[in-house]
Number of protein chains: 2
Amino acid sequence: MKLRKTDRTQRLQEVEDRFVDLWDTMSSLWGISPTMARIHGVLYITGQALSMDDIMARLAISRGNVSMNLSKLVEWGLVRRVHKRGSRRDYYESLSDVWEMFTLVAQQRKRREIDPILNTLRHCQEMLGELQDDTTAQERGKRISELLKFLTMMESLARRFFETHQGLKMAVGLLARESE
Amino acid sequence: MKLRKTDRTQRLQEVEDRFVDLWDTMSSLWGISPTMARIHGVLYITGQALSMDDIMARLAISRGNVSMNLSKLVEWGLVRRVHKRGSRRDYYESLSDVWEMFTLVAQQRKRREIDPILNTLRHCQEMLGELQDDTTAQERGKRISELLKFLTMMESLARRFFETHQGLKMAVGLLARESE
DNA sequence: TGTTCCTTTCAGGAAGCACTGAAATCATAG
DNA sequence: CTATGATTTCAGTGCTTCCTGAAAGGAACA
């Protein structure tokens, strides 16, 4: 054991902080708010079930903020509410499976962002369809249909990708159980 | 010709507005600012080369704003500066290939967002490596390495995807040229 | 070189978004 | 039913990000 206990604790804390900051930065990429990401970061990296007060203390944010963002995380399915016997408090813990988390976020974003876009594009196409004899309308229609083609293609690709992954994961799980 | 000319113009305008609003909404998904997206939207849907004043008028935004966002779009490679003979003004036109645009945005985002994340995660792993005898450190190390595994996998997948697409596109292009 | 036209820069201001903290609500135990 | 502990809500506030417009900069023409 090269490091003294206090040094080890400090080092762990440092990694935790770095990780939470990282999650914060990542939040824009995942399409969630920074604080939501930081809370999830703490829950993921510690791997423990924490109470609201734990999280308030670790991240130095207000009770209301924690409450609101935790409920969003639960709503998204990234975090679960758990209970500890003998305690009235709610505790919260993160999913641990990276794939599962990714899938959840991707689904949410598709529903909230991609689907409305597809609807709008289709609607635009309809409106342009009524101007078939207009050259400008034809050109614009072509641009929109190319976008639609691209997006639907990406979508089906993604769907197949997730299905495959689910299949793979199930297979791996079954094998592991049999070999026990 | 069912519709009168003024009606046609109005209808085209309506589609254009809807499209620009759509792009605006999409901007968060693509990781660019709303105005940048709207400018690109106008350029894409019209398919024309427009001047700064054209864009200012269509979107009702200030000269400075247009200037700054156009230069970002040019920097990203989504928009090209073109010149019209006999005019001192700069004109700007959008790429028309959806795939190309998507690739450009994806590359930018990877460079700006994914790569730093990978670096940080690796750095965290190093710091934890020095605490090999600590159980907590081991657990956290495992979580981080799972993330790394996931991200690098996604990255190589994406790279292969783009390479394939480039190959496909080239092939299609060659065939089309031969058949002329 | 001076003039004109066009573009870029940037300090100051506006708008939107997230956070706080206290009051209201809810749940459990006695 | 009341008291206590825990969570949620939301109006007010602070912060960040984006936008404006005027002034400076640059390029083409005469």
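Residues numbered from 1 in each chain as written. Chains lettered and ligands numbered in written order. Predicted model: local features only at pLDDT ≥ 70, side-chain atom pairs only at ≥ 80, totals over all residues. Heavy atoms only, no water.

Concerning the relation of the copies chain B and chain A
The two copies are related by a screw motion: chain B maps onto chain A through a turn of 180° and a shift of 0.0 Å along the axis, at an RMSD of 0.1 Å. When the rotation and shift are considered jointly, the pair of chain copies conforms to a two-fold rotation axis. Most of the interface of chain B is mirrored in chain A: 98% of its interface residues are interface residues there too. (Least-squares fit on C-alpha atoms with pLDDT ≥ 70 in both. Contact = heavy atoms within 4.5 Å.)

Regarding the protein's contact with DNA strand C
In the region of DNA strand C, 16 residues are neighbours, and Thr35(A), Ser62(A), Asn65(A), Arg81(B) and Asp90(B) sit closest. A share of 66% of the atoms of DNA strand C within 4 Å of the protein falls on sugar and phosphate groups. Take Ser62(A): an N or O atom from its main chain is 2.8 Å from a phosphate oxygen of DNA strand C. Contact distances for DNA strand C include 3.3 Å between a phosphate oxygen and a side-chain N or O atom of Arg89(B). When contributions to the surface near DNA strand C are tallied by element, the ones reaching two or more residues are helix H4 (63-76) of chain A together with helix H4 (63-76) of chain B. A class-by-class count of the residues in the surface near DNA strand C yields 4 nonpolar, 6 polar and 6 charged. (Near = heavy atom within 4 Å. Polar contact = N/O pair within 3.5 Å; in protein donor to acceptor, adjacent residues only side chain to side chain. Helix = DSSP H or I, 4+ residues; strand = E, 2+ residues; numbered from the N terminus. Nonpolar A, V, L, I, M, F, W, Y, C, P; charged D, E, K, R; others polar.)

Description of the protein's contact with DNA strand D
DNA strand D sits among 17 residues. The nearest are Ser67(A), Arg81(A), Asp90(A), Thr35(B) and Ser62(B). With respect to DNA strand D, the side chain of Ser67(A) contributes an N or O atom lying 3.0 Å from a phosphate oxygen. Arg81(A) places a side-chain nitrogen or oxygen 3.0 Å from a phosphate oxygen of DNA strand D. Residue assignment for the surface near DNA strand D shows that the elements contributing at least two residues are H4 of chain A together with H4 of chain B. A total of 4 residues in the surface near DNA strand D trace back to one element, the largest contributor, which is H4(A). Residue classes in the surface near DNA strand D are distributed as 4 nonpolar, 7 polar and 6 charged.

As for the pairing of strand S3 (residues 90-94) of chain B
Here is the key point about a regular strand: its side chains alternate between the two faces of the sheet. Residues and elements named next belong to chain B. In this structure, strand S1 (residues 50-51) lies alongside S3, joined through 2 bridges in antiparallel fashion. Within S3, the position partnered with Leu50 by the bridge is Tyr92. Pairing of strand S2 (residues 79-83) with S3 involves 5 bridges; the strand directions are antiparallel. Note that in S3 the partner of His83 across the bridge is Asp90. Two successive antiparallel strands, S2 and S3, enclose a turn made up of 6 residues, where Gly86 displays a positive phi of approximately 85°. (Pairing = 2+ DSSP bridges.)

Describing the sheet that holds strand S1 (residues 50-51) of chain A
Read across the open sheet, the 3 strands follow the order S1-S3-S2 (chain A); overall the sheet is antiparallel. Each of the sheet's edge strands pairs with one partner strand only, and the pair in question is S1 and strand S2 (79-83) of chain A.

With respect to the interface of chain B and chain A
Many analyses report the size of an interface as the accessible area lost when the parts associate. The interface of chain B with chain A comprises 51 residues on the first partner and 50 residues on the second. Carbon and sulfur atoms supply 72% of the area buried between chain B and chain A, which totals about 5,200 Å² over both sides. Between Glu16(A) and Arg140(B) there is a salt bridge whose closest N-O contact spans 3.1 Å. Connecting chain B to chain A are 10 residue pairs in polar contact (both at pLDDT 80 or more). Looking at the side of chain B that touches chain A, the elements that each hand over two or more residues are helix H1 (5-30), helix H2 (34-46), helix H5 (98-129) and helix H6 (135-178) of chain B. Each residue belonging to the side of chain B that touches chain A can be placed in one class, and the counts come to 31 nonpolar, 7 polar and 13 charged. (Buried area = accessible area lost by both parts, 1.4 Å probe. Salt bridge = Lys/Arg side-chain N within 4 Å of Asp/Glu carboxyl O.)

Re the domain arrangement of chain A
All names here are of chain A. Each assigned domain of chain A is listed with its residue range as follows: domain 1 (5-94) and domain 2 (98-178). Once you take the C-alpha centre of each, domain 1 and domain 2 turn out to be 31 Å apart. In this complex, domain 1 contributes 10 residues to the contact, which on the side of domain 2 involves 8 residues. In this assembly, domain 1 packs against domain 2 so that about 850 Å² is buried in total across both faces, 70% of it on carbon and sulfur atoms. Per-residue buried area on domain 1 facing domain 2 is highest for Trp30, Trp76 and Leu78; these three make up 65% of the total on that side. Elements that contribute at least two residues to the side of domain 1 that touches domain 2 include exactly helix H1 (5-30), helix H2 (34-46) and H4. (Domains from an automatic or database assignment.)

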